[in-house]
Amino acid sequence: MPDPIKTYQAIVAREKASREAAERLLEEKSRELFRKNGELARFAEQLREAHGLLSEMMSVAPNGILLCSEDLLITKANANGAKLLGCQLDAIAGRSLTEFTPELAITLDLADDGEFSVDCCDARTAAGTPIQIEVHGYCGKIRDRRRFMLLIRDITARLEKERHQQLIEKQLQEARRLEAIGTLSAGIAHEINTPIQYVSDNIEFLRDAIEQIVGSYRAQDALPEAECRNDGPLEAVATEASEAVTSDLADLADDIDAALSESRDGIRQVRDIVLLMKDFCHPGGAQEPCNLNDLVRNVVTLSKGRQKEVVAIEFEPGDDLPELCCRRSSVQQVIMNLVLNALDAVETVDLARRRISVRTSHDQQMVRVAVSDTGPGVPAELREKIFDPFFTTKPVGKGTGQGLAIAIEFIVKGHGGHLRLIEEPGFTTTFLIELPRHLADTPQTQEIRNVRTH
Amino acid sequence: MKGVVFTEFFAFVEGQHDELFLQELIDAADLPSKGVYTATGTYPHKEMAKLVATLASRTGADAQTMLKVFGRHLFARFHSGFPEMFVEGQSAFDFLATVGDCIHVEVRKLYPDAELPQLEVMEHRPDRFCLRYSSSRCLGDFCEGLIYGCLDHFGTKAMVSRREAGTRDAPAIDFVIEL
């Protein structure tokens, strides 16, 4: 039987040890609490700092930032987001995105999780002012639920500026086209004037010939009447009239035929030039199948006037050149610009050194036109600049500086091709146009407004 | 094992017997800690096994029954010690369903070093509930006692049956409670 006194002493000792253990534990936990409290205070400070930084970033962010619930209710917005939609910052929460941009709302309804962009979208401010916005966003779980985070930019002013810029570019293109027409007009007038001149001469000749024939017929008709009146030796008169007609008639018939033939050629020549001018003067145009050899021939024909002043163009058409689908007038204008530039360039060198060559060729992917000349060439330091808008080496008042820039616009952007300055033996300058045989969808035909998710 | 289980066990033994009996039990169990426990400390669960085995040998009861009885007693103490864990209007099944996913999560926040058993709800129907208990300490009887304590607390009359589950390496017990 254990001694109860000793057992109680053991209980007291155990209880005392338990109390001491509890005190140690309390001390330990107090220290831990103090340490954790310090850490918590530091975390709270960091959190305040991060929150303040985030708030300031949100308030100065140049883009509108909106956080929307899955059912497109705006839950948070920054100052610019509210301003962009024409709302007070404290009044925007709870409003539906659909109120401001139904178009975007439809797009977001269909959006998969992940990042997405909407290049251009119609919207309306709270006051009803129409605006156009660009949106980059994220759709997916943010914190505890699926939400939309939208970065919105008002692009109304930018689009207006772009439209204005496009208008100016179009006007500049038109100016360049008119400049080319002006450059060609003197030569074309000469080209038209020459056939008109000989057509006119031939008409004069034909009038004389007809009068001569009519005179002979009248003389023949007069013979029976003279015989009745017994005017003298009829035999002599008849012989004279007959000889006059028969000796001239063969030559006259040949001359009339030649005059008619020449006149017909002259009129055809004038008609062709007028048709080419009409074609060249017609701006824009849809894509249509055409052969580059035909376009080069037209350019060579239209520039004949300038060629007579400078040098004749050597045209080497490629064999079996395939047709390609392109904007005929645009490509023809580019070739014309290059040819006129070449004519201007070679005009500055000695007559004996002047050469301009235009060659066409093709392979499986591309159809090419090379325009080479023996002018002064393009200095190395200018080779990068010549395609820049408003850059020209021509004297003041002669070039607009738009020729090559427009050529790049037409060939690269309009047709997915290339326009490059290359080296060709025997020439100082060679521009190479490369056009794809099968045109891809070009930026001009793409819808600007598109939505992509990635 | 959390010290609160040991201190509650001591209170349980004192209530059943007296302070002298408890001290003799501690001395007889020959514990490394000498029975010095605080409610918030953590101690080896083997000391509890020794205490229960010694109590069983001294009282003539079997250890499994002892654990069940103690578990049943402990649940009532939990209710008075941690009333915030109980939600107004919930049933015994609802409460048991929260133990693994909610109550143990809260325990871990307070005691990151706590080694808690796995409790998984296998079936939860109005008239039938199945809870899977998995623990390396194999205190299934203690768990069963806690389940009975829970049914007592909510005034639920039910039959509890148990069946072995899991594998030799990962033993488990399924407790099926049917109204």
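What comes next is a walk through the structure. Just so it is clear, the model here is predicted, and its values are computed rather than measured. (Residues numbered from 1 in each chain as written. Chains lettered and ligands numbered in written order. Predicted model: local features only at pLDDT ≥ 70, side-chain atom pairs only at ≥ 80, totals over all residues. Heavy atoms only, no water.)

Quick notes on the overall build of chain A
Then comes step 1: If you tally the helices and strands in chain A, you get 10 helices and 13 strands.
Then comes step 2: Looking at chain A as a whole, 37% of its 454 residues qualify as buried.
Then comes step 3: In chain A, 63% of the contacts between residues at least 6 apart in sequence involve partners at least 24 apart.
Then comes step 4: Here chain A displays about 27100 Å² of accessible surface, and carbon together with sulfur accounts for 56% of that area. (Helix = DSSP H or I, 4+ residues; strand = E, 2+ residues; numbered from the N terminus. Buried < 20%, exposed > 50% of the residue type's maximum accessible area, 1.4 Å probe, protein only. Contact = heavy atoms within 4.5 Å. Areas by Shrake-Rupley, 256 points an atom, 1.4 Å probe, with all protein chains shown as cover.)

Here we look at the pairing of strand β10 (residues 366-373) of chain A
All names here are of chain A.
Then comes step 1: The buried fraction of β10 amounts to 8 of the 8 residues, a majority that puts the element mostly inside the structure.
Then comes step 2: Pairing of strand β9 (residues 356-362) with β10, which is carried by 7 bridges, proceeds in the antiparallel orientation. Paired with I356 across the two strands is D373, which belongs to β10.
Then comes step 3: Count of turn residues in the β9/β10 antiparallel hairpin: 3 residues.
Then comes step 4: Relative to strand β12 (residues 429-436), β10 runs antiparallel, the two being bridged by 8 bridges. Bridge pairing links A370 to L432 in β12. (Pairing = 2+ DSSP bridges.)

Comments concerning the sheet that holds strand β1 (residues 118-125) of chain B
All names here are of chain B.
Then comes step 1: Within the open sheet, the 4 strands sit side by side as β1-β2-β4-β3. Their pairing is antiparallel. Both outer strands of the open sheet, β1 and β3 (159-166), are each paired with one neighbouring strand and no more. Across the sheet, the mean angle from the axis of one strand to that of its neighbour is 20 degrees, orientation sign disregarded.
Then comes step 2: Bridge analysis of β1 against strand β2 (residues 128-134) gives 7 bridges, and the strand direction is antiparallel. (Axes fitted to C-alpha atoms, helices over the stretch in contact; angles between N-to-C directions.)

Thoughts on helix α5 (residues 92-110) of chain B
All names here are of chain B.
Then comes step 1: Taken as a whole, α5 carries its principal kink of about 65 degrees at V99.
Then comes step 2: Residues A92, F93, F95, L96, V99, I103 and H104 constitute the buried set of α5.
Then comes step 3: Summarising the contacts, the buried residues of α5 are in contact with α4 (63-81), β1, β2, α6 (140-154) and β4 (171-178). (Bend = angle between axes of the 7 residues up to and from the residue.)

Re the packing of α4 of chain B against α6 of chain B
Angle between the axes and distance between the axes: these two values describe a pair of packed helices.
All names here are of chain B.
Then comes step 1: Two numbers describe how α4 lies on α6: the axes approach to 6 Å, and their chain directions differ by 45 degrees. Taken together, the axes of α4 and α6 are oblique relative to one another. Remark: the crossing between α4 and α6 carries right-handed chirality. For the pair α4 and α6, the contacting residues are Q64, L67, K68, F70, G71, R72, L74, F75, F78 and H79 in the first and D141, F142, E144, G145, L146, Y148, G149, C150, D152 and H153 in the second.
Then comes step 2: In terms of residue class, the contact of α4 with α6 is made up of 9 nonpolar, 6 polar and 5 charged. (Parallel < 35°, antiparallel > 145°, perpendicular 65-115°, else oblique. Left-handed = near helix turned anticlockwise from the far one by under 90°. Nonpolar A, V, L, I, M, F, W, Y, C, P; charged D, E, K, R; others polar.)

A word on the pattern of salt bridges
Then comes step 1: Taken as a whole, this structure holds 39 salt bridges over all chains when the rule is applied.
Then comes step 2: Here R19 of chain A and E23 of chain A are joined by a salt bridge, their closest N and O atoms 2.9 Å apart. Highlighted residues: R19 of chain A and E23 of chain A, both in helix α1 (residues 4-60), separated by 4 residues, approximately one helical turn.
Then comes step 3: For R19 of chain A, a relative accessible area of 42% gives the class partly exposed.
Then comes step 4: Ionic pairing is found between E134 of chain A and R153 of chain A, a salt bridge with its closest N-O pair at 2.8 Å. Of the two residues, E134 of chain A is situated in strand β4 (residues 130-142) and R153 of chain A in strand β5 (residues 145-154); the sequence distance between them amounts to 19 residues.
Then comes step 5: The class for E134 of chain A is buried, based on a relative accessible area of 12%.
Then comes step 6: Sharing partners across several salt bridges, the network here consists of E123, R125, D127, R128 and E178 of chain B. (Salt bridge = Lys/Arg side-chain N within 4 Å of Asp/Glu carboxyl O.)

Observations regarding the packing of aromatic side chains
All names here are of chain B.
Then comes step 1: A full pass over the atoms with the stated rule returns 15 aromatic pairs over all chains.
Then comes step 2: Considering the side-chain rings of F70 and F142, the 5.5 Å spacing of their centres and the 15 degrees angle between planes classify their relative orientation as stacked. Residue F70 is found in helix α4, and its partner F142 is found in helix α6; the two are separated by 72 residues along the sequence.
Then comes step 3: Since its relative accessible area comes to 1%, F70 is described here as buried. (Phe/Tyr/Trp six-rings, centres within 6.5 Å; stacked < 30°, edge-to-face > 60°.)

Quick notes on the interface of chain A and chain B
Then comes step 1: Between chain A and chain B, the residue contacts involve 12 residues of the former and 14 residues of the latter.
Then comes step 2: Contact between chain A and chain B buries roughly 1000 Å² in total, counting both sides, with carbon and sulfur atoms accounting for 68%.
Then comes step 3: Of all residues in chain A, T7, R14 and L25 of chain A give up the largest surface area on contact with chain B, accounting jointly for 46% of the area buried on that side.
Then comes step 4: Viewed at the interface, chain B and chain A are joined by 0 salt bridges.
Then comes step 5: Summed over the shared surface of chain A and chain B, the result is 1 residue pair in polar contact (both at pLDDT 80 or more).
Then comes step 6: Each residue belonging to the side of chain A that touches chain B can be placed in one class, and the counts come to 9 nonpolar, 2 polar and 1 charged. (Buried area = accessible area lost by both parts, 1.4 Å probe. Polar contact = N/O pair within 3.5 Å; in protein donor to acceptor, adjacent residues only side chain to side chain.)

Focus: α4 of chain B
Residue and element names in this part refer to chain B.
Then comes step 1: Along its 19 residues, α4 runs 26 Å from first to last C-alpha, staying within 8% of the 27 Å computed at 1.5 Å per residue.
Then comes step 2: Those residues of α4 not exposed but buried are M66, L67, F70, G71, L74 and F75.
Then comes step 3: Those residues of α4 that are buried are in contact with α1 (3-16), α3 (45-59), α5 and α6.
Then comes step 4: A side-chain oxygen of the first residue of α4 lies 3.3 Å from the backbone nitrogen of Q64; this N-cap is D62. (Expected span 1.5 Å × (residues − 1).)

Looking at the packing of helix α7 (residues 292-302) of chain A against helix α9 (residues 328-346) of chain A
Residue and element names in this part refer to chain A.
Then comes step 1: At a closest axis distance of 9 Å, the pairing of α7 and α9 adopts a crossing angle of 50 degrees. It follows from the interaxial angle that α7 and α9 lie oblique. For the element pair α7 and α9, the recorded crossing hand is right-handed. Residues L292, L295, V296, N298, V299 and L302 of α7 form the contact with α9, whose participating residues are R328, V331, Q332, I335, M336 and V339.
Then comes step 2: Looking at side-chain class alone, the contact of α7 with α9 contains 9 nonpolar, 2 polar and 1 charged residues.

Side note on the environment of D94 of chain B
Residues and elements named next belong to chain B.
Then comes step 1: As for its placement among the helices and strands, D94 is situated in helix α5.
Then comes step 2: A relative accessible area of 32% means that D94 is categorised as partly exposed.
Then comes step 3: When the C-alpha atoms of D94 and F129 are compared, they prove to be 9.6 Å apart, with 35 residues separating the residues in sequence.

A few points about the environment of V107 of chain B
Residue and element names in this part refer to chain B.
Then comes step 1: Within the secondary structure layout, V107 lies in helix α5.
Then comes step 2: Note on V107: relative accessible area 21%, which makes it partly exposed.
Then comes step 3: Not counting the four nearest positions on each side in its chain, V107 is found in contact with A114 and L116.

Side note on the sheet that holds β9 of chain A
All names here are of chain A.
Then comes step 1: On the basis of which strands lie adjacent, the open sheet formed by 5 strands has the order β7-β9-β10-β12-β11 and mixed pairing. Sheet topology places β7 (313-316) and β11 (418-422) at the edges, where each strand pairs with a single neighbour. Adjacent strand axes in the sheet meet at a mean angle of 15 degrees when their direction is disregarded.
Then comes step 2: Lying on the sheet, α7 is in contact with β7, β9, β10 and β12; it crosses β7 at an angle near 165 degrees.

Geometric values such as these leave the question of function open.
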